Amino acid sequence: MKLLDGKLVSQKVLSEVKEDVEQLKSDGISPKIAVVMVGDNPASLSYIKQKRKACEFTGIEWEQIDLPESTKHEKLIEVVEELNKRKDMHGILVQLPLPDHIYTPEVIKAIDPKKDVDGFHAYNLGKMFLSTDFEELAPCTPMGVIKMLDEYGIDVAGMDATVVGASNIVGKPMSTMLLNRQATVTTCHIKTKDLKKNTLNADLLIVGVGKAGLITADMVKDGAIVVDIGCNRVDGKLCGDVDFDEVAAKASYITPVPGGCGPMTVACLMENTVIACERLTKEKDL
Ligand code: GUN
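Residue numbers here run from 1 along each chain, matching the order of that chain's written sequence. Side-chain atom pairs in this predicted model are given and counted only at pLDDT of 80 or more, local residue features only at pLDDT of at least 70, and totals for whole chains, interfaces and linings cover all residues. Water and hydrogen atoms play no part in the side-chain values, which are based on all heavy atoms of the structure.

1. Quick look at the overall build of the protein chain
Here is step 1 of the chain: Helix numbers and strand numbers start at the N terminus; a helix is a DSSP run of H or I with at least 4 residues, a strand a run of E with at least 2. Within the protein chain one finds 10 helices and 11 strands.
Here is step 2 of the chain: Taken over C-alpha atoms, the radius of gyration is set against a globule rule of 2.2 Å times the number of residues to the power 0.38. For a compact globule of 286 residues, the expected C-alpha radius of gyration is about 19 Å, and the protein chain comes in at 19 Å, within 12% of that figure.
Here is step 3 of the chain: On the principal axes, the C-alpha backbone points of the protein chain span a range of 50 × 40 × 35 Å.
Here is step 4 of the chain: For each residue, the accessible area found with a 1.4 Å probe, counting protein chains only, is set against the maximum for its type, and the residue is called buried under 20%, exposed over 50%, and partly exposed in between. Among the 286 residues that make up the protein chain, the fraction classed as buried is 49%.
Here is step 5 of the chain: Calculation of accessible area relied on Shrake-Rupley with a 1.4 Å probe; when residues are assessed, cover is drawn exclusively from the protein chains displayed. When the accessible surface of the protein chain is split by element, carbon and sulfur atoms take 52% of a total near 13600 Å².

2. Examining a negative patch on the surface
Here is step 1 of the chain: A surface patch of like charges, here negative, comprises E16, E19, D20 and E22.
Here is step 2 of the chain: Looking at the secondary structure, you find D20 in helix α1 (residues 6-26).
Here is step 3 of the chain: For D20, a relative accessible area of 35% translates into the label partly exposed. Any residue with relative accessible area above 30% and no salt bridge may belong to a patch, with like charges joined within 9 Å and the nonpolar Val, Leu, Ile, Met, Phe, Trp and Tyr side chains within 5 Å. Think of a salt bridge as a Lys or Arg side-chain nitrogen and an Asp or Glu carboxyl oxygen that are within 4 Å of each other. Positive charge is attributed to Lys and Arg, negative charge to Asp and Glu, and no charge count is given to His or to the chain ends. Taken as the charge centre is NZ of Lys, CZ of Arg, CG of Asp or CD of Glu, depending on the residue.

3. Some points on the pattern of salt bridges
Here is step 1 of the chain: Going through the model one piece at a time under the given rule, you end up with 12 salt bridges.
Here is step 2 of the chain: Two residues, K221 and D203, come together in a salt bridge whose shortest N-O distance is 2.9 Å. Here the residue K221 occupies a position in the loop between β7 (204-207) and β8 (225-228), and D203 occupies one in the loop between α8 (195-200) and β7, the gap between them amounting to 18 residues.
Here is step 3 of the chain: Here the salt bridges share partners, and the residues they tie into one network are K32, E63, R86 and D88.

4. Topic: the site of the ligand
Here is step 1 of the chain: Proximity is defined per residue: if any heavy atom of the residue lies within 4 Å of a molecule or strand, that residue is considered near it. The local shell around the ligand consists of K51, L93, V94, Q95, L96, D118 and F120.
Here is step 2 of the chain: D118 is positioned with one of its side-chain polar atoms (N or O) 2.6 Å from a nitrogen atom of the ligand.
Here is step 3 of the chain: Summarising the interface, the protein chains cover 81% of the accessible area of the ligand, which totals 270 Å² for the free molecule.
Here is step 4 of the chain: All residues other than Ala, Val, Leu, Ile, Met, Phe, Trp, Tyr, Cys, Pro, Asp, Glu, Lys and Arg, Gly among them, are scored as polar; the first ten of these are nonpolar and the last four charged. Split into classes, the residues belonging to the shell around the ligand amount to 4 nonpolar, 1 polar and 2 charged. We call two N or O atoms a polar contact when they sit within 3.5 Å, provided that within protein one can donate a hydrogen and the other can accept it, with sequence-adjacent residues counted only if both atoms are side-chain atoms.

5. Examining the side chain of T58
Here is step 1 of the chain: When you line up the elements, T58 lands in helix α2 (residues 42-58).
Here is step 2 of the chain: The buried category is assigned to T58, whose relative accessible area is 2%.
Here is step 3 of the chain: Only 2.9 Å separates the side chain of T58 from the backbone oxygen of A54, close enough to count as a polar contact.
Here is step 4 of the chain: We call two residues in contact whenever any of their non-hydrogen atoms come within 4.5 Å of each other. Once residues lying within four places of it in the same chain are set aside, the contact partners of T58 are L14, V17, K18, V21 and M270.

6. Observations regarding the nonpolar core
Here is step 1 of the chain: Residues belong to one nonpolar core when they are buried, are Ala, Val, Leu, Ile, Met, Phe, Trp, Tyr or Cys, and are joined through side-chain atoms within 4.5 Å. Counting 54 residues, the largest nonpolar core has I33, L149, L178, L204, I206 and V227 as its most contacted members.
Here is step 2 of the chain: Top contributing element to this core by residue count: helix α10 (residues 261-281), with 11 residues.
Here is step 3 of the chain: Not counting residues up to four positions away in its chain, the partners in contact with L204 are L149, V156, M159, D160, A161, T162, L178, I225 and V227.
Here is step 4 of the chain: Of all hydrophobic cores here, the second largest spans 18 residues; its members include V38, L76, I77 and I111.

7. Observations regarding the sheet that holds strand β4 (residues 91-94)
Here is step 1 of the chain: Any two strands with at least two DSSP bridges between them are considered paired. Pairing is parallel across the open sheet formed by 3 strands, whose spatial order is β3-β2-β4. Because the sheet does not close on itself, it has two edges, and the strands there are β3 (61-67) and β4. Taking the axes of each pair of neighbouring strands and ignoring which way they run, one obtains an average angle of 15° across the sheet.
Here is step 2 of the chain: The sheet contact formed by strand β2 (residues 32-38) and β4 spans 4 bridges and is parallel. For A34, the partnering residue across the bridge sits in β4 and is I92.
Here is step 3 of the chain: Angles here are taken between N-to-C directions and fall from 0 to 180 degrees, while the axes themselves are lines fitted to C-alpha atoms, restricted in helices to the stretch in contact. α2 contacts β2, β3 and β4 of the sheet and is inclined by roughly 160° relative to β3.

8. Quick word on the packing of aromatic side chains
Here is step 1 of the chain: Pairing of aromatic rings covers Phe, Tyr and Trp, the last through its six-membered ring, and needs centres within 6.5 Å; plane angles under 30 degrees mean stacked, over 60 mean edge-to-face, and all others mean tilted. Following the criterion strictly, the structure yields 1 aromatic pair and no others.
Here is step 2 of the chain: With a centroid separation of 6.2 Å and an interplanar angle of 70°, the aromatic rings of Y152 and Y253 are classed as edge-to-face. Of the two residues, Y152 is situated in the loop between α6 (140-151) and β5 (160-164) and Y253 in strand β11 (residues 253-254); the sequence distance between them amounts to 101 residues.
Here is step 3 of the chain: On the accessibility criterion, Y253 (17% relative accessible area) is buried.
Here is step 4 of the chain: The rule is short: NZ of Lys or CZ of Arg within 6 Å of the ring centre and within 35 degrees of the ring normal puts a charge over the ring. Between the NZ or CZ atom of K18 and the centre of the ring of F57, over which it lies, the distance is 5.0 Å.

9. Re the environment of N41
Here is step 1 of the chain: Summarising the element assignment, N41 is placed in the loop between β2 and α2.
Here is step 2 of the chain: For N41 and P97, which are 56 residues apart along the polypeptide, the C-alpha to C-alpha distance reads 8.4 Å.
Here is step 3 of the chain: Here the side chain of N41 touches A43 through a polar contact of 2.9 Å, landing on its backbone nitrogen.

10. A closer look at the packing of α1 against α10
Here is step 1 of the chain: Interaxial distance between α1 and α10 falls to 8 Å at its minimum, and their mutual angle equals 20°. What the angle tells us is that α1 and α10 run roughly parallel. As for how α1 packs across α10, the hand of that crossing is left-handed. Contacts from G6, K7, V9, S10, V13, L14, V17, D20, V21 and L24 in α1 reach P263, M264, A267, M270, E271, V274, C277 and E278 in α10. We call two directions roughly parallel when the angle between them is under 35 degrees, roughly antiparallel when it is over 145, roughly perpendicular when it lies between 65 and 115, and oblique otherwise. With the far helix as reference, a near helix turned anticlockwise by less than a right angle produces a left-handed crossing, and one turned clockwise produces a right-handed crossing.

Here is the structure:
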C-alpha cells in the first residue's frame, strides 16, 4: 500500500502558486481573494483558517468579510455584487453552508463567474462538461483529487471508477472530471440500491459523503485506489468516510485523513485565485 500524500503534493502546488504570485506582483498585479463568512459555524471557521494560512504562504492578499448569522439574503447579495465590481478583487468565496434563511443557489449565481474561485457557479460547472480543456475554475476538491492522482502517475483512463456522493460541489464534478479522462464512472448516492456491489467493482473508489466508517474493507476490491474526501470529527478526532486501517491493508493506494484531500482542496483554491487574477487582468476569456 502506498499513501497518497496530499500534504506533500499540496506543498508543491502552493510553492508553484507562490512563484506565480511573485511574478504577478513584479508586473504590478496583486492577486486578492475575498472570503465571506456568515455566522460562526465552527467547521467553516476552521476551513477558513486553513485557507488564510495558504494565502499567507503564497502571498495572495486576503480580505475576510464577517457577517452576522442574522444577515438577510438581500444584504448578502449586495455584498457579493459590491465585490464583483471591485477591480482590486480577483476571487470571491462565500463560505458554505449558509444559514437556512439564505437561498444558497441565488448567492452562488450572484458571484461573477470570472471571480468564482470555488468553481460553484453554473457557468463554471457547466463548461466542465465539454472536456478537460474547459475545467478552469473547476471546484477545488475534485480538482485536488485529479492533481494528486496525476502526481502519482495514476492514469484513470479505462478504469472502473466509483464515486460515492453526488453533491453539486464534490460528487457530480468529480464524476464529470473522471469521465473527461475516460474512466467508466458510476456515481452512488443515498438512493443507490446496493452500494457494496458498486464499490467492490471499483478500480478507483472515491468517497465524499461525510459519514465516518461508511466504507469497510469488505466493500473494497483488492488493489483498489481509494480516495477519501470525507472529513468527520469523531470523539474530537478527524477521520474520513473510509475505515482507514482495515482498507489500507487491501488498497494499492489510499489517502489519509487528515493530510489527503483537505490540503489539496486549499492548494487548488490558491491556484484558482491566480488563474482568475490572470484572466481578469489580462482580459482573457474563460
Ligand atoms: N464549505 C465546505 N467546503 C467548502 C468549499 O470548498 N467552499 C466553500 N465556499 N464552502 C465550503
